[in-house]
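In case you want the letters, here they are:
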Amino acid sequence: MMEFLHTPVDQRPQRAALAKHRARLDGVSLRRLFTENPGRAAEFTLCVDGLLLDYSKNLVDAEVMGELVDLAYAAGVDRRIEAMFAGKRINTTEDRAVAHVALRAARGARMVIDGGDVVPGVHQVLDDMAAFATRIRSGAWLGYTGKAIKNVVNIGIGGSDLGPVMAAEALSAYSDPELNVRFVSNIDGSDIVSAVQDLDQSETLYIVVSKTFTTVETLTNARTARRLLVDALGNEDAVRRHFVAVSTNAEQVRRFGIDTENMFGFWDWV
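Quick notes on the rules
Residues numbered from 1 in each chain as written. Predicted model: local features only at pLDDT ≥ 70, side-chain atom pairs only at ≥ 80, totals over all residues. Heavy atoms only, no water. UniProt positions renumbered as here; feature names shortened; annotations may be inferred. Helix = DSSP H or I, 4+ residues; strand = E, 2+ residues; numbered from the N terminus. Rg over C-alpha atoms; globule rule 2.2 N^0.38 Å. Buried < 20%, exposed > 50% of the residue type's maximum accessible area, 1.4 Å probe, protein only. Contact = heavy atoms within 4.5 Å. Core = buried A, V, L, I, M, F, W, Y, C linked by side-chain atoms within 4.5 Å. Phe/Tyr/Trp six-rings, centres within 6.5 Å; stacked < 30°, edge-to-face > 60°. Lys NZ or Arg CZ within 6 Å of the ring centre and 35° of its normal. Salt bridge = Lys/Arg side-chain N within 4 Å of Asp/Glu carboxyl O. 1 Å grid on protein atoms, 1.4 Å probe; cavity = no way out; pocket = protein on both sides within 12 Å on 5 of 7 lines; lining within 4 Å. Points joined across faces, edges and corners; volume = space filled by probe spheres on them. Nonpolar A, V, L, I, M, F, W, Y, C, P; charged D, E, K, R; others polar. Expected span 1.5 Å × (residues − 1). Arc of directions from axis to C-beta.

- The protein carries the name Glucose-6-phosphate isomerase in an unreviewed UniProt entry, which gives Rhodococcus opacus RKJ300 = JCM 13270 as its organism.
- The heading Catalytic activity (unreviewed entry) in the UniProt record of the protein holds the text "alpha-D-glucose 6-phosphate = beta-D-fructose 6-phosphate".
- Entered under Pathway (unreviewed entry) in the UniProt record, the comment concerning the protein runs "Carbohydrate degradation; glycolysis; D-glyceraldehyde 3-phosphate and glycerone phosphate from D-glucose: step 2/4."

1. Points about the overall build of the protein
So, point 1. A tally of regular secondary structure across the protein gives 11 helices and 9 strands.
So, point 2. In terms of overall size, the protein is more extended than a compact globule, its C-alpha atoms giving a radius of gyration of 24 Å where 270 residues would be expected to give roughly 18 Å.
So, point 3. Across its three principal directions, the C-alpha atoms of the protein cover 70 × 45 × 35 Å.
So, point 4. Sorting the 270 residues of the protein into buried and exposed places 33% on the buried side.
So, point 5. Pairs at least 24 residues apart make up 59% of the contacts formed inside the protein by residues separated by at least 6 positions.

2. Describing the nonpolar core
So, point 1. Counting 24 residues, the largest nonpolar core has F213, F243 and F256 as the members making the most contacts within it.
So, point 2. Here this core takes 6 residues from helix α9 (residues 216-233), the largest share from any one element.
So, point 3. Residues contacting F256, with those up to four places away along its chain left out, are F213, L219, A222, R223, R226, V239 and F243.

3. So, the packing of aromatic side chains
So, point 1. Considering all chains together, one arrives at 7 aromatic pairs under this definition.
So, point 2. Considering the side-chain rings of Y206 and F243, the 4.9 Å spacing of their centres and the 20 degrees angle between planes classify their relative orientation as stacked. Here F243 lies in strand β8 (residues 243-246) and Y206 lies in strand β7 (residues 204-209), a separation of 37 residues in the sequence. Like F243, Y206 is buried.
So, point 3. Taking the centre distance of 5.0 Å and the plane angle of 0 degrees together, the rings of W267 and W269 count as stacked.
So, point 4. Among the aromatic residues, ring-to-ring pairing joins Y206, F213, F243 and F256 into one connected group.
So, point 5. Taking the ring centre of F34 as reference, the NZ or CZ of R40 above it sits at 5.5 Å.
So, point 6. The ring of F256 carries R226 above its face, with NZ or CZ at 5.5 Å from the centroid.

4. Looking at the pattern of salt bridges
So, point 1. This structure, assessed with the given rule, holds 16 salt bridges.
So, point 2. The partner of K147 in a salt bridge is D200, with the nearest N and O atoms 3.4 Å apart. Of the two residues, K147 is situated in the loop between α6 (119-138) and β5 (151-155) and D200 in the loop between α8 (189-196) and β7; the sequence distance between them amounts to 53 residues.
So, point 3. A salt bridge links D198 to R182; the nearest nitrogen and oxygen atoms lie 2.6 Å apart. On the criterion of sequence distance, the pair formed by D198 in the loop between α8 and β7 and R182 in strand β6 (residues 180-184) is long-range, its members being 16 residues apart.
So, point 4. Judged by its relative accessible area of 53%, D198 is exposed.
So, point 5. One salt-bridge network, in which partners are shared between bridges, spans R89, D95 and D114.

5. Examining the layout of surface pockets
To find leftover empty space, one rolls a probe the size of a water molecule over the atoms.
So, point 1. Roughly 1900 Å³ of internal volume is contained in the largest pocket.
So, point 2. Lining the largest pocket we find 48 residues, and of these M129, N154, G163, P164 and A167 sit closest to its centre.
So, point 3. Elements supplying a minimum of two residues to the lining of the largest pocket: α6, β5, α7 (159-170), β6, β7 and β8.
So, point 4. Element by element, the count of residues in the lining of the largest pocket is highest for α6, at 10 residues.
So, point 5. Looking at the lining of the largest pocket, its residues break down into 30 nonpolar, 13 polar and 5 charged.

6. A closer look at the side chain of N151
So, point 1. Looking at where N151 falls in the secondary structure, it is placed in strand β5.
So, point 2. Setting aside its immediate chain neighbours within four residues, N151 contacts N180, L199, D200, E203, T204 and L205.

7. A few points about helix α1 (residues 13-24)
So, point 1. The terminal C-alpha atoms of α1, which comprises 12 residues, lie 17 Å apart, in line with the 16 Å expected from a rise of 1.5 Å per residue.
So, point 2. Listing the buried residues of α1 in full gives Q14, L18 and H21. For α1, the angular spread of the buried residues around the axis is 55 degrees, confining them to a single face. In α1, the exposed residues that point more than 90 degrees away from the buried face are P13, K20 and A23.
So, point 3. Buried-residue contacts for α1 involve α4 (62-74).

See the structure below:
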């Protein structure tokens, strides 16, 4: 375990200094802080690659920010970041690397996990996803009855739901208006029923997102969707044309009836 994990943040001297600043700023208004420092907006704003971080409207001043930075360094935040990018196993509860940053690495970048560069594998999956999405959007991918896909239903829970929802909302300006995208996460059967009751199953694609493909809530909803599809189209073979998976468990995906050619994988460090 890394040395900087031993001392809790609330027991460090910088934390005590911040408590004093909290008392000092108690009752101070933002209006006063802006009046006393006309350059506050510029001083407490950071812009990187089009993203704006504005912390000028928080009860902080230069002294507080200095103490916060000192506390971050004392707690080893910089070393944690370096360890993460170096592929160290900073997830101490599961003894795993935490390499989500590799999923956003540029093509040609290098990030080594357990002795191997993971970036090429990441971009292979990204390329596969892009190619599949293009087939859906272009109408090249046809459902079991020969119809193009018009509805996409994401089935997941936790990050397997929130992540796709966030991405869909953030990129809504670039979405295909011809595609109807919905999300199901609640194990209450009313959630999936309300999400799909007005959809033509012959024009619907289900994306089942589960790392292990054993998540109870996700698989319960996936089986409900599977039953609705098979009942509507009359053949188990329809599953292969209307279900895809985001998972690491090819065997369970295959047992469900999904063609593993349409499984988009990821890794235990995600």
